[in-house]
Amino acid sequence: MPVDPSASSAGDSVASSLSPLRNLRHDIPAALVVALVAIPLCLGVALASGAPLLAGVLAGIVGGIVVPFFSRSALSVSGPAAGLTAIILVALQDLHSFSAFLLAVVIAGAIQLLLGFLRAGSIAYFFPSAVIEGMLAAIGIILIMKQFPYAVGFDLGQFGSQEFASGTTDNTFSGIYAALAHVEWGALLISLLCLGILIVWDVTPALKRQNWFSGPLVAVLAGTLLNLGFSQFLPILHLSADSLVQLPVIHSIEDVGRLFQFPDWRALSNQEVWVVGVTIAIVASLESLLSIEAADKLDPFKRRTPLDGELIGQGVANLVSGVIGGLPVTAVIVRSSANITAGGRTKASAFLHGIFLLIAVIFLARALNLIPLASLATVLIVVGFKLAHPRVFRHMFHLGKTQYLPFVITIVAVLFTDLLIGVGVGLVVGLFFVLRANYHSALELRQEGPGNYLLCFKRELTFVNKARLARLLDSLPNGSSITLDGAQVAFIDHDVLEVIRNFEQSAPLRQIHVYEQHFDNPVLSAKI
């Protein structure tokens, strides 16, 4: 088949226009915004996991610098994920050693590498679009609800958490209620300023075309400057250190060396370490694949990511993270969404975000510790609103209940459980509608005349169709005749064939005449 030269030229032009070097003016500001958002998220995940705070930042650095070398995802950003906090917390309690846990992270990375080489990434394609859309919308709602307390200056101590329950009696809604009763006016003013900047930036084409500045970056800078202004002119509104980013400050080379912890290789004989490693590998792989699928949906250039390579990239990152003392790494949709919203175009933004995190830890901790959490929370709230925009709900509603119900149920399940459980519930609901559609459409019974019936077999017939087929055959009146038409069927399951055979054997007792037609397929004819 001849290749259209103009089509090839157009493809080369698009690829060239999306090269990392030609898009640095977009990727550098986006990387800076993502790094600013990632810092408190990394710290929050480590805090919620019961791990050293720096372990979360190290995982963010590794996820940013290592994964882009192996992954072909243009816009996803990797780092420590809130979805793993419960697993890490339990693992640390069971293993009684952070160094043994690091060995489990290394094992998880090795397993992910194996999965990548075995081409297991295609499992992500089995998740329905409605479930992915529901996951995105749920994450958007979670971002809004979880970051609202920080936007008004109320510290929940779980920045970045995606869990509904935050304690034995506290949950997302109680956190919002508590925040409304403890509004910090300085934080509220900073949030309103940042929100105004983000809205104006989003609706002003001239501002959106700026090369080196993005709305989130300007909002964070403006919020920081406003808080510094409060310290000079309105001390009553000035936010204390508890409401600002908190990074460990490095004073010497010796402090850099103390950043790293190493695995306890002697724990290789510990069965519990292997159980934790396998668990992390499975959960982290699923979360990464789902996040990649979601990020591809948000990509304005609609690029597709090879998922097997993504597993290899995540595996290498977890090997490195475990060796130097970091938490497990996954692709993270929150940071990926922030990257897309901030204008990132290529994977250079993810790589540079890792470089910025590294520079921040070593050189800029004092400066970054001036950033109010309220500014970052506002950026995340806007990201959340875009993910859960009302037009998304309208679009899914217009697609019909087979799409809208799995979408809504996934949202509710994610909100009240966690990401993976919620997606699992949505997948079950989506599968139910698929089976239901197949159940009703695979068989069609028509009356062709007095006492004459035609039963058309459509699509593939499996055990799902067994009950309906039996009911249709039982409904035939005595003394009638029926023709079984296989013109549109390519496969008949043994369970369905058994129902047909039983009916053919009992039909003479009811004076029913059975005929067959169009079973010309050799496979079908051998069965029928």
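**Q** Could you give me a rundown of the sheet that holds strand β5 (residues 481-492), with the residues and numbers involved?
**A** The strand order β3-β4-β5-β6 describes an open sheet built from 4 strands, whose pairing is mixed. The open sheet has two free edges, formed respectively by β3 (443-449) and β6 (513-517), since each of these has just one partner strand. Adjacent strand axes in the sheet meet at a mean angle of 20° when their direction is disregarded. As paired strands, β5 and β6 are joined by 5 bridges and run parallel to one another. Looking at the pairing, L484 lines up with E516 of β6. Its contacts with the sheet put helix α23 (residues 494-506) on β4 (452-461), β5 and β6, and the angle it makes with β5 is roughly 165°.

**Q** Requested: an account of helix α15 (residues 333-341), with residues and values cited.
**A** Owing to its 3.6 residues per turn, the α-helix brings residues three or four apart onto one side. Counting buried positions along α15 gives 8 out of 9 residues, so the element sits mostly inside the fold. For α15, the set of buried residues is I333, V334, R335, S336, S337, A338, N339 and I340.

**Q** Report on the pattern of salt bridges, specifying residues and quantitative values.
**A** Enumeration over the complete set of coordinates arrives at 9 salt bridges. The salt bridge partner of K458 is E444, with a shortest N-O separation of 2.6 Å. With K458 in strand β4 and E444 in strand β3, this pair connects stretches of sequence that are 14 residues apart. Note that R501 and E504 form a salt bridge whose closest N and O atoms lie 2.6 Å from each other. Of this pair, R501 and E504 both sit in helix α23, separated by 3 residues, roughly a single helical turn. Here E504 falls in the partly exposed class, since its relative accessible area comes to 22%.

**Q** Report on the packing of aromatic side chains, specifying residues and quantitative values.
**A** If you walk through the whole model with that rule in mind, you get 6 aromatic pairs. Seen in terms of ring centroids, F397 and Y404 are 5.3 Å apart; in terms of plane orientation they differ by 90°. Their pairing is edge-to-face. Here F397 falls in the exposed class, since its relative accessible area comes to 52%. Put simply, the rings of F393, F397, Y404 and F407 touch in pairs and so form one group of aromatic residues.

Cut-offs and rules
- Residues numbered from 1 in each chain as written.
- Predicted model: local features only at pLDDT ≥ 70, side-chain atom pairs only at ≥ 80, totals over all residues.
- Heavy atoms only, no water.
- Pairing = 2+ DSSP bridges.
- Helix = DSSP H or I, 4+ residues; strand = E, 2+ residues; numbered from the N terminus.
- Axes fitted to C-alpha atoms, helices over the stretch in contact; angles between N-to-C directions.
- Contact = heavy atoms within 4.5 Å.
- Buried < 20%, exposed > 50% of the residue type's maximum accessible area, 1.4 Å probe, protein only.
- Salt bridge = Lys/Arg side-chain N within 4 Å of Asp/Glu carboxyl O.
- Phe/Tyr/Trp six-rings, centres within 6.5 Å; stacked < 30°, edge-to-face > 60°.

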